[in-house]
Amino acid sequence: MLKRNEVFTNPVKERLLKREPTIGAWLQGANSVTAEVMAKAGFDWLMVDMEHGPGDFMTLFHQLQAVNAYPVVPFARAPWNDFVTIKRLLDIGVQGLLVPYVNSAEEARNAVKACKYPPLGIRGIAPSPRAGGFGMNGQNYLAHANDEIVVMVAIETPQAVSQIDEFLAVDGLDGIFIGPMDLATSMGHFCTPSAPEVREAIALIERKVLASKKFLGTVAGDFHAAQALYERGYSFVAAMSDTTSLGKLAMQTVGAFMDAYRQH
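Heads up: these notes are all about the structure in this document.

### Comments concerning the overall build of the protein chain
- When helices and strands are tallied, the protein chain shows 12 helices and eight strands.
- For 264 residues, the compact-globule estimate of 2.2 N^0.38 gives 18 Å, and the protein chain sits close to it at 19 Å.
- With respect to the principal axes defined by its C-alpha atoms, the protein chain has extents near 65 × 40 × 30 Å.
- Going through the 264 residues of the protein chain one by one, you find that 48% of them count as buried.
- A sequence separation of at least 24 residues applies to 63% of the contacts in the protein chain between residues at least 6 apart.
- Entry remark: accessible area of the protein chain is about 12,800 Å², with carbon and sulfur atoms responsible for 57%.

### What about the pattern of salt bridges?
- Scanning the entire structure with this criterion turns up 10 salt bridges.
- The closest approach of N and O atoms between Arg 109 and Glu 106, which form a salt bridge, is 3.0 Å. Placement of the pair is Arg 109 and Glu 106 together in helix H5 (residues 105–115), with a separation of three residues, close to one helical turn.
- Classification of Arg 109 as partly exposed rests on a relative accessible area of 36%.

### Notes on the sheet that holds strand E3 (residues 73–77)
- With parallel pairing, the eight strands of this closed barrel are ordered in space as E1-E2-E3-E4-E5-E6-E7-E8. The sheet shows a mean angle of 25° between the axes of neighbouring strands, direction not considered.
- In the sheet, strand E1 (residues 22–27) pairs with strand E2 (residues 45–49) via four bridges, with the strands oriented parallel. Along E2, the bridge assignment pairs Ala 25 with Leu 46.
- Across the sheet, H5 is in contact with strand E4 (96–99) and strand E5 (150–155); its angle to E5 comes to roughly 155°.

### Brief notes about the side chain of Glu 148
- Here Glu 148 is to be found in helix H6 (residues 138–148).
- There is no salt bridge for the buried Glu 148, and the closest opposite charge comes from Lys 13, which lies 6.4 Å off by N-O distance.
- A distance of 2.8 Å separates a polar side-chain atom of Glu 148 from the backbone nitrogen of Asn 10.
- Discounting chain neighbours no more than four positions away, the residues touching Glu 148 are Phe 8, Thr 9, Asn 10, Lys 13 and Gln 95.

### Looking at a nonpolar patch on the surface
- A contiguous nonpolar patch, built from Val 254, Phe 257, Met 258 and Tyr 261 and spanning about 420 Å² of accessible area, is present on the exposed surface.
- Classification of Phe 257 as partly exposed rests on a relative accessible area of 37%.

### Some details on helix H10 (residues 196–210)
- The terminal C-alpha atoms of H10 lie 21 Å apart, and with 15 residues this matches the ideal 21 Å at 1.5 Å per residue to within 8%.
- What H10 keeps buried is the set Val 198, Ala 201, Ile 202, Ile 205, Glu 206 and Val 209. The buried residues of H10 occupy one face: seen down the axis, they fall within an arc of 140°. Turned more than 90 degrees away from the buried face of H10, the exposed residues are Pro 196, Arg 199, Glu 200 and Arg 207.

### Some details on the nonpolar core
- In this structure, Leu 46, Tyr 141, Val 153, Phe 167, Ile 176 and Ile 205 are the most contacted members of the largest nonpolar core, which totals 67 residues.
- In terms of residues, this core owes the most to one element, H5, which gives six residues.
- Each residue touching Ile 205, except ones within four places of it in the same chain, is listed here: Ile 155, Val 161, Ile 164, Ile 176, Ile 178, Leu 183 and Leu 216.
- Grouped together as the second largest cluster of nonpolar side chains are 15 residues, Trp 26, Trp 45, Leu 98 and Met 152 included.

### Structural notes on the environment of Leu 210
- Mapped onto the elements, Leu 210 comes out in helix H10.
- A relative accessible area of 29% places Leu 210 in the partly exposed class.

### Brief notes about the pairing of E3
- Counted residue by residue, E3 has five buried out of five residues, so it is predominantly covered.
- In E3, alternate side chains face the same way, and those of Val 73, Phe 75 and Arg 77 on one face and Pro 74 and Ala 76 on the other are all buried.
- Pairing of E2 with E3 involves five bridges; the strand directions are parallel. Considered in E3, the bridge of Leu 46 is made with Pro 74.
- You can see the chain leave E2, run along helix H3 (residues 57–67) and come back into E3, and the turn it takes is right-handed.

### Describing the packing of H3 against helix H4 (residues 83–92)
- For the pair H3 and H4, the least separation of the axes is 10 Å and the interaxial angle reads 25°. Taken as axis vectors, H3 and H4 run roughly parallel relative to one another. Note on packing geometry: the crossing formed by H3 with H4 is right-handed. Together, Phe 57, Leu 60, Phe 61 and Leu 64 of H3 and Thr 85, Arg 88, Leu 89 and Ile 92 of H4 make up the contact between the two elements.

Rules of the game
- Residues numbered from 1 in each chain as written.
- Predicted model: local features only at pLDDT ≥ 70, side-chain atom pairs only at ≥ 80, totals over all residues.
- Heavy atoms only, no water.
- Helix = DSSP H or I, 4+ residues; strand = E, 2+ residues; numbered from the N terminus.
- Rg over C-alpha atoms; globule rule 2.2 N^0.38 Å.
- Buried < 20%, exposed > 50% of the residue type's maximum accessible area, 1.4 Å probe, protein only.
- Contact = heavy atoms within 4.5 Å.
- Areas by Shrake-Rupley, 256 points an atom, 1.4 Å probe, with all protein chains shown as cover.
- Salt bridge = Lys/Arg side-chain N within 4 Å of Asp/Glu carboxyl O.
- Pairing = 2+ DSSP bridges.
- Axes fitted to C-alpha atoms, helices over the stretch in contact; angles between N-to-C directions.
- Lys, Arg positive; Asp, Glu negative; His and termini not counted.
- Polar contact = N/O pair within 3.5 Å; in protein donor to acceptor, adjacent residues only side chain to side chain.
- Patch = residues over 30% accessible without salt bridge, like charges linked within 9 Å, V, L, I, M, F, W, Y side chains within 5 Å.
- Expected span 1.5 Å × (residues − 1).
- Arc of directions from axis to C-beta.
- Core = buried A, V, L, I, M, F, W, Y, C linked by side-chain atoms within 4.5 Å.
- Right-handed = clockwise from strand over helix to strand, strands pointing away.
- Parallel < 35°, antiparallel > 145°, perpendicular 65-115°, else oblique.
- Left-handed = near helix turned anticlockwise from the far one by under 90°.

Pasting the structure below:
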């Protein structure tokens, strides 16, 4: 939430539009404690997963309160391309939206409209929610939201890949996010983004997006995988998660114990 006299600016959007690399992480645990831990670590942005995560609007509210003390930009992955849901996510205070499973330029335009106040869109306007400072600095938010909110859509199906040129022509759409697992599975290669056909589709998206004015995003398993993506031109990479990364560390720790003390 903005401080009392603060004007809404989004430093991550500024960097993304310049094609500078940014690092972020998923918040999938619907928990304000892990949100605060991740914010303190120093990520550029954190993405609350409202699609696959178990959280609701109030858990999102508490997560954003937890990260508010740190210079991290809060994003959310919407559960669906629904303008009422998107309005509520933005009113709680997220400053960027990832809209999943967008399969056409028309659906992408609808996502943009859901994130923009009139005349650019259909987002309902009110200074009273948390984003507007509960009415205490509404204009400092409202007058800048259309420019500062990041809007990106996820390419997750071959239908969407086939229309990538049309996606890139959508005004107000800032970025394209490749969902490798969903794309692979929808192409008939269950959870196998390394399949040659899938890799070709991803390479096509990369070429098209990097030749446009929009930024390119995706997910990586760790920093080393993220670094390889930055070298290919990606600007928005989720390099870990509050849940899966903890799970990996837990298994490594237990594995080390088993190797040391329970080999027989």
